[in-house]
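Here is what each chain is made of, one letter per residue.
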Amino acid sequence: MSRLAILGAGVMGETLLAGLLRADWDAADIVVTDRRPERCTELVERYGVSAADNASAVGEASTVVVVVKPQDLGDLLAEIGPVVAEDALLVSLCAGVTTASIEQQIGRPVAVVRVMPNTPAQVDEGMAAISGGAHASSEQLAHVHSLLSATGRVVTVPEKYQDAVTAISGSGPAYLFYVVESMIEGGVQLGLPRDVSTELVVQTMFGSAHLLRETGRHPTELREMVTSPGGTTAAAVRTLENHGVRAAFMAAIESARDRSRLLSGG
Ligand SMILES: NC(=O)C1=CN([C@@H]2O[C@H](COP(=O)(O)OP(=O)(O)OC[C@H]3O[C@@H](n4cnc5c(N)ncnc54)[C@H](O)[C@@H]3O)[C@@H](O)[C@H]2O)C=CC1
Ligand SMILES: O=C(O)[C@@H]1CCC=N1
């Protein structure tokens, strides 16, 4: 009998599935569903898991992970609500959707854990934040913590922080990729071949992230190390300040937080 059902096998569904298998989960213990049959076929062939329709998958699972777009979650919950076992654990990776809203849509007491993961989980460097709903026990929260640990780091946060978490680590990879794209274009603008510019930027991003984590030093201190008085970095950072880049990041993060709040319908 399959113990874990992943409903919605898109980007994040596959990310979780692949991570669990890398962490030595048995493919026989996982069932996936997707409303696109060709997507199910692809994952069955690639990972050796089984695929089913939503109701059958939920019927044979003790843990049900929902990984559809927030806008599709209502229909999915309406479909599976009647077949979710009384003692099942429902895990939602959907941005913005509160545990209270899921409990209310299921219509009876159900254990729900809300998770905000991110795509670096594809290389086991994910950052996930988890929060338990009204009926989730500490054992169930610990179970989800261990599930997500397969693909990176996990923190437990009060649910009131989830919209901010979504704006920082959930969407965060996109901001950093945007910076990477901009820097690559900057290099090309200065005449560097695109492949050279790309290699310089990607390794600089990777090395800087490593430096931050390995030294534990404050980013301001690390930035000051690069910034010679009257030098090139000081000139560049002044230009970034003149263009309001820091303020733009603050505003962007607030926009993501506000969008997450809207997705919860509250
Ligand atoms: N992509 C990302 O970086 C992150 C996504 N999330 C959350 O993960 C969730 C999924 O996002 P993605 O994987 O990016 O989306 P996606 O569009 O790649 O995947 C969603 C999948 O769900 C399937 N689906 C939709 N309705 C269904 C139903 N009723 N039954 C079965 N399958 C159904 C779709 O066919 C699709 O394959 C979203 O709620 C999003 O907020 C959270 C953190 C990061
Ligand atoms: O853009 C989104 O809504 C999802 C949630 C966090 C990252 N991607």
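Residues numbered from 1 in each chain as written. Chains lettered and ligands numbered in written order. Predicted model: local features only at pLDDT ≥ 70, side-chain atom pairs only at ≥ 80, totals over all residues.

Engineer: I keep staring at the nonpolar core and nothing clicks. Help me out?
Structural biologist: Side chains of nonpolar character tend, in soluble globular proteins, to be buried together. Membership of the largest hydrophobic core comes to 51 residues, with the highest contact counts inside it found for Ala5, Ile6, Leu7, Val64, Val65, Val66 and Leu90. Looking at this core element by element, the count peaks at 5 residues for strand 6 (residues 111–116). The residues contacting valine 66, other than those within four sequence positions of it, are Leu7, Gly8, Leu73, Leu76, Leu90, Ser92, Leu93 and Cys94. (Core = buried A, V, L, I, M, F, W, Y, C linked by C-beta atoms within 7 Å. Buried ≥ 20, exposed ≤ 12 C-beta atoms within 10 Å, placed from the backbone. Helix = DSSP H or I, 4+ residues; strand = E, 2+ residues; numbered from the N terminus. Contact = placed C-beta atoms within 7 Å.)

Engineer: Explain the domain arrangement of the chain to me, please; I cannot follow it from the model alone.
Structural biologist: Frequently, the measure chosen for interface size is the accessible area removed from exposure when the parts meet. Looking at the chain, the domain boundaries give domain 1 (4–162) and domain 2 (172–263). The distance between the C-alpha centroids of domain 1 and domain 2 comes to 33 Å. On the domain 2 side, the residues contacting the 7 residues of domain 1 number 5 residues. Residue composition of the side of domain 1 that touches domain 2, grouped by class: 4 nonpolar, 3 polar and no charged. (Domains from an automatic or database assignment. Nonpolar A, V, L, I, M, F, W, Y, C, P; charged D, E, K, R; others polar.)

Engineer: Explanation requested: helix 11 (residues 232–242) in the structure shown.
Structural biologist: Little of helix 11 sits out of view: just 0 of its 11 residues are buried. Two residues or fewer past helix 11, glycine 244 is found with a positive phi of approximately 70 degrees.

Engineer: Please explain the environment of serine 92 as it appears in this structure.
Structural biologist: With respect to the helices and strands, serine 92 occurs in strand 5 (residues 89–92). Distance from serine 92 to valine 67, taken between C-alpha atoms, is 6.5 Å for residues 25 residues apart in sequence. Ignoring any residue separated from it by four or fewer positions in sequence, one finds serine 92 in contact with Val66, Val97, Ile102, Val112, Arg114 and Val115.

Engineer: How do you make sense of the site of ligand 1 when you look at a structure like this?
Structural biologist: Close to ligand 1 lie 28 residues; Gly8, Gly10, Met12, Cys94 and Ala95 are nearest. When residues in the shell around ligand 1 are grouped by element, the largest group, 4 residues, is from helix 4 (residues 70–80). For the shell around ligand 1, the per-class residue count stands at 13 nonpolar, 8 polar and 7 charged. (Near = placed C-beta within 6 Å.)

Engineer: I keep staring at the UniProt feature "domain: Pyrroline-5-carboxylate reductase dimerisation" (unreviewed entry) in the chain and nothing clicks. Help me out?
Structural biologist: Per the UniProt record, "domain: Pyrroline-5-carboxylate reductase dimerisation" (unreviewed entry) is annotated on residues 159–261. Here residues 159–261 runs as 83% helix and 0% strand, with 12 Å between its end C-alpha atoms. (UniProt positions renumbered as here; feature names shortened; annotations may be inferred.)

Engineer: Is there a simple way to explain the site of ligand 2 in this structure?
Structural biologist: In the region of ligand 2, the neighbouring residues are Ala95, Thr166, Gly170 and Ser171. Tallied by class, the residues present in the shell around ligand 2 amount to 1 nonpolar, 3 polar and no charged.

Engineer: How do you make sense of the UniProt feature "domain: Pyrroline-5-carboxylate reductase catalytic N-terminal" (unreviewed entry) in the chain when you look at a structure like this?
Structural biologist: Those residues carrying the UniProt feature "domain: Pyrroline-5-carboxylate reductase catalytic N-terminal" (unreviewed entry) are residues 3–96 in this numbering. Along residues 3–96 the backbone is 43% helical and 19% strand, and the end-to-end C-alpha distance reaches 26 Å.

Engineer: I tried to follow the packing of helix 8 (residues 172–189) against helix 9 (residues 194–215) on my own but got confused; where do I start?
Structural biologist: Where helix 8 contacts helix 9, the axes come no closer than 9 Å and their chain directions differ by 140 degrees. Between helix 8 and helix 9, the angle is such that the two are oblique. Remark: the crossing between helix 8 and helix 9 carries right-handed chirality. Here Leu176, Val180, Met183, Ile184, Gly187 and Val188 of helix 8 come into contact with helix 9, specifically with Arg194, Ser197, Thr198, Leu200, Val201, Val202 and Met205. Tallied by class, the residues present in the contact of helix 8 with helix 9 amount to 9 nonpolar, 3 polar and 1 charged. (Axes fitted to C-alpha atoms, helices over the stretch in contact; angles between N-to-C directions. Parallel < 35°, antiparallel > 145°, perpendicular 65-115°, else oblique. Left-handed = near helix turned anticlockwise from the far one by under 90°.)

Engineer: Help me out: how do you make sense of the sheet that holds strand 6 in this one?
Structural biologist: As a general point, the strands of a sheet are linked pairwise by backbone hydrogen bonds and lie either parallel or antiparallel. If you trace the 8 strands from one edge of the open sheet to the other, you get 3-2-1-4-5-6-7-8, paired in mixed fashion. A strand with exactly one partner marks an edge of an open sheet, and here the two such strands are strand 3 (50–51) and strand 8 (152–156). Relative to strand 5, strand 4 (residues 63–66) runs parallel, the two sharing 4 bridges. Across the sheet, valine 65 pairs through a bridge with valine 91, a residue of strand 5. Along the sheet, helix 6 (residues 138–149) contacts strand 5, strand 6, strand 7 (126–132) and strand 8; its crossing angle with strand 7, the most-contacted strand, is approximately 170 degrees. (Pairing = 2+ DSSP bridges.)

Engineer: Is there a simple way to think about unusual backbone geometry in this case?
Structural biologist: One can expect most non-glycine residues to show negative phi and most peptide bonds to be in trans. In this model, aspartate 24 sits at a positive phi of 75 degrees, which is unusual for a non-glycine residue. Considering the arrangement of structural elements, one finds aspartate 24 in the loop between helix 1 (11–22) and strand 2 (30–33). Aspartate 24 gets classed as exposed once you count the C-beta atoms within 10 Å, which come to 7. Here aspartate 124, not a glycine, exhibits a phi torsion of approximately 60 degrees, which is positive. Structurally, the position occupied by aspartate 124 is in the loop between strand 6 and strand 7.

Engineer: Just to check I follow, could you spell out the confidence of the model for the chain for this structure?
Structural biologist: Where the model shows low pLDDT, its predicted coordinates should not be examined in detail. When pLDDT is averaged across the chain, the result is 96; 98% of the residues are at 70 or more. Prediction confidence for the complex, expressed as pTM and ipTM, is 0.96 and 0.98 respectively. (pLDDT = per-residue confidence, 0-100.)

Engineer: So what exactly am I meant to see when it comes to the packing of helix 7 (residues 162–170) against helix 12 (residues 245–263) here?
Structural biologist: The packing of two helices is summarised by the inter-axis angle and the distance between the axes. The N-to-C vectors of helix 7 and helix 12 enclose an angle of 135 degrees; their axes lie 8 Å apart at closest approach. In terms of orientation, helix 7 lies oblique with respect to helix 12. Considering how the two elements wind past one another, helix 7 and helix 12 form a crossing that is right-handed. Judged by residue contacts, Asp163, Ala164, Thr166, Ala167 and Ile168 of helix 7 engage Ile253, Ala256, Arg257, Ser260 and Arg261 from helix 12. Class assignment of the residues belonging to the contact of helix 7 with helix 12 gives a composition of 5 nonpolar, 2 polar and 3 charged.

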